[in-house]
There are 2 protein chains.
Amino acid sequence: MTETAAPLNAPLNAPRRGRKSALSRGQILDAAARMLRRQGYGNTTLRKIAEVAGIQAGSIYYHFASKDEILDAVLERGVRAVYEGVRDALAALPDNVGHLQRIETAVAAHLQALLSHGDYTSASIRTYGEVPEAFQQKSQPLREAYVVLWQDLLAAAQADGAIRSDLDPHILRPLLLGSLNWTVEWYDPAQRPVADIAAQAVDMLFHGVLPKD
Amino acid sequence: MTETAAPLNAPLNAPRRGRKSALSRGQILDAAARMLRRQGYGNTTLRKIAEVAGIQAGSIYYHFASKDEILDAVLERGVRAVYEGVRDALAALPDNVGHLQRIETAVAAHLQALLSHGDYTSASIRTYGEVPEAFQQKSQPLREAYVVLWQDLLAAAQADGAIRSDLDPHILRPLLLGSLNWTVEWYDPAQRPVADIAAQAVDMLFHGVLPKD
DNA sequence: AGATTAATCTAACAAACGTTCGATGGAATT
DNA sequence: AATTCCATCGAACGTTTGTTAGATTAATCT
């Protein structure tokens, strides 16, 4: 197969697209994220996405090559928002801050990203387990990096004696993150601010539910 | 419309069905639960269910009136298994047992039902949030009863001073149950027994992660 | 054994699915 | 003012979907 050679003087990586393209592309992604979050992977149809986005189903193919490309973009964007949110929150801390405050910051940032970052994060959390394997693999490097981030965070705290070292970190981490992730199933922003959930989660994580004796 | 009157001497509520019917019905439900757990609601098709169950798609309609009836049965059975598992475990305890041991028992029973009770519980946990509202309402009484069970458990413990009363139970409960529910996303029975997860979850819940001073 | 009922198969249906493509109007460029 | 390109529409395509119904086999009963 011979590929058609690009003109030598053509501008490289030129996004020769108008202003409206990015706008519609964003609306399509927003609609897909919303559908994906509420109805799951299999029930999110192109025609419903188009309807929510306010365009015709066929028009989507001007912006995306396939349905899978849309859902893939939504999923990756969701994972990235959580990962980068927590990473940046940690990076913004002063160098001399303790392990416990780093963990507290990470918990708060995770919840903040999850619950106040639109439908992308929720869609990603809720549907990752049910999409075809090819999808999962595409965003797996990001997910893996996020897992490592938490593993390092907890391992460093254990090594310094800031938290108990008799707890298996391979159980502790998913139990903690599971508790946070599940908030997408029940949290109602009209009831409480996200910070309240974060504060109590950290309190429980650190001190447990037994009364102080 | 005139309904065909049943013979007067016919046995009432007679399940005039052979032995094989219940067997196939069970296989269909098993297949549906497995599909539902792995691919979610929208991607679970009747033909795939039939294939897994080892029959033809059309034959399903001898046992069920519609696809929705199957999925509904799977979902309800999953919720019921968790609810009754925990309820019975608590009922089996001696009367004089303390609040903390009751909570410990409930956590262990919840995880046990979730992780070793086939695909029904996992399917129910994972897909409840993405099925149409009409579905959710059918199993809502059971879910509500389960929520009340935990609320009573925690409220009683707080009232007796067995656990801290400065924690909001409306945050504590979903955070705890979320931590447990999320295990369906990561738990691998080949790695550890369920009891290990339960033990560490209770340990964390009671004492927190800070070192004992 | 013959008759009756239980259970499954096969083949088809209409609707909805992801996707393609030529026509079409508006915006930007010349 | 004419032209070029961006963005969308509208209608169609081949599949797959849930569902139906008559034919067919397996099991049970008299």
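All of these numbers come straight from a predicted model, not from anything done at the bench.

1. Regarding the layout of surface pockets
So, point 1. Its volume calculated, the largest pocket comes out at about 1100 Å³.
So, point 2. In terms of lining residues, the largest pocket is bounded by 38 residues, among which A:Tyr128, A:Arg143, A:Val147, B:Glu185 and B:Trp186 are the most central.
So, point 3. Of all the elements in the fold, those that place two or more residues in the lining of the largest pocket are α3 (67-91), α4 (99-115), α5 (118-127), α6 (133-138), α7 (140-159) and α8 (169-181) of chain A together with α1 (19-39) and α9 (183-186) of chain B.
So, point 4. Here the lining of the largest pocket takes 6 residues from α7(A), the largest share from any one element.
So, point 5. Residues of the lining of the largest pocket, tallied by class, amount to 16 nonpolar, 11 polar and 11 charged.
So, point 6. Secondary-structure elements contributing two or more residues to the lining of the second largest pocket are α9 (183-186) of chain A together with α3 (67-91), α5 (118-127), α7 (140-159) and α8 (169-181) of chain B.
So, point 7. For the lining of the second largest pocket, the leading source of residues is α8(B), giving 6 residues.
So, point 8. Classifying every residue of the lining of the second largest pocket by side-chain character gives 12 nonpolar, 11 polar and 8 charged.

2. Examining the relation of the copies chain A and chain B
Both copies of the chain are placed relative to one another by a rotation about an axis and a shift along it.
So, point 1. Of the two same-sequence chains, chain A is brought onto chain B (RMSD 0.1 Å, axial shift 0.0 Å) by a rotation of 180°. Considering both components of the superposition, the chain copies are consistent with a two-fold axis.

3. Quick word on the nonpolar core
So, point 1. A:Ile103, A:Trp150, A:Leu205, B:Ile103, B:Trp150 and B:Leu205 are the most contacted members of the largest nonpolar core, which totals 88 residues.
So, point 2. B:Leu29, B:Ala32, B:Met35 and B:Val74 belong to the second largest nonpolar core, which has 23 residues in total.

4. Details of α8(B)
Residues and elements named next belong to chain B.
So, point 1. The end-to-end C-alpha separation of α8 is 18 Å, in line with the 18 Å expected for 13 residues at 1.5 Å each.
So, point 2. Burial analysis of α8 places 11 of its 13 residues in the buried class, which makes it a mostly covered element.
So, point 3. Within α8, burial applies to Ile-171, Leu-172, Arg-173, Pro-174, Leu-175, Leu-176, Leu-177, Gly-178, Ser-179, Leu-180 and Asn-181.
So, point 4. You can read the cap of α8 off the contacts: a side-chain oxygen lies 2.8 Å from the backbone nitrogen of His-170, and it is on Asp-168.

5. Some details on the interface of chain A and chain B
So, point 1. Taken together, the 45 residues of chain A in the interface contact 45 residues of chain B.
So, point 2. Together, the buried faces of chain A and chain B total about 4300 Å²; carbon and sulfur atoms form 60% of this surface.
So, point 3. Our count for the contact surface shared by chain A and chain B stands at 4 salt bridges.
So, point 4. Between A:Arg164 and B:Asp203 there is a salt bridge; the shortest N-O distance is 2.7 Å.
So, point 5. The interface formed by chain A and chain B contains 20 residue pairs in polar contact (both at pLDDT 80 or more).
So, point 6. Those elements that provide at least two residues to the side of chain A that touches chain B are α1 (19-39), α5, α8, α9 and α10 (194-207) of chain A.
So, point 7. If you tally residues by element for the side of chain A that touches chain B, the top one is α10(A), at 9 residues.
So, point 8. Taken together, the residues of the side of chain A that touches chain B break down into 20 nonpolar, 14 polar and 11 charged.

Analysis parameters
- Residues numbered from 1 in each chain as written.
- Chains lettered and ligands numbered in written order.
- Predicted model: local features only at pLDDT ≥ 70, side-chain atom pairs only at ≥ 80, totals over all residues.
- Heavy atoms only, no water.
- 1 Å grid on protein atoms, 1.4 Å probe; cavity = no way out; pocket = protein on both sides within 12 Å on 5 of 7 lines; lining within 4 Å.
- Points joined across faces, edges and corners; volume = space filled by probe spheres on them.
- Helix = DSSP H or I, 4+ residues; strand = E, 2+ residues; numbered from the N terminus.
- Nonpolar A, V, L, I, M, F, W, Y, C, P; charged D, E, K, R; others polar.
- Least-squares fit on C-alpha atoms with pLDDT ≥ 70 in both.
- Core = buried A, V, L, I, M, F, W, Y, C linked by side-chain atoms within 4.5 Å.
- Buried < 20%, exposed > 50% of the residue type's maximum accessible area, 1.4 Å probe, protein only.
- Expected span 1.5 Å × (residues − 1).
- Polar contact = N/O pair within 3.5 Å; in protein donor to acceptor, adjacent residues only side chain to side chain.
- Contact = heavy atoms within 4.5 Å.
- Buried area = accessible area lost by both parts, 1.4 Å probe.
- Salt bridge = Lys/Arg side-chain N within 4 Å of Asp/Glu carboxyl O.

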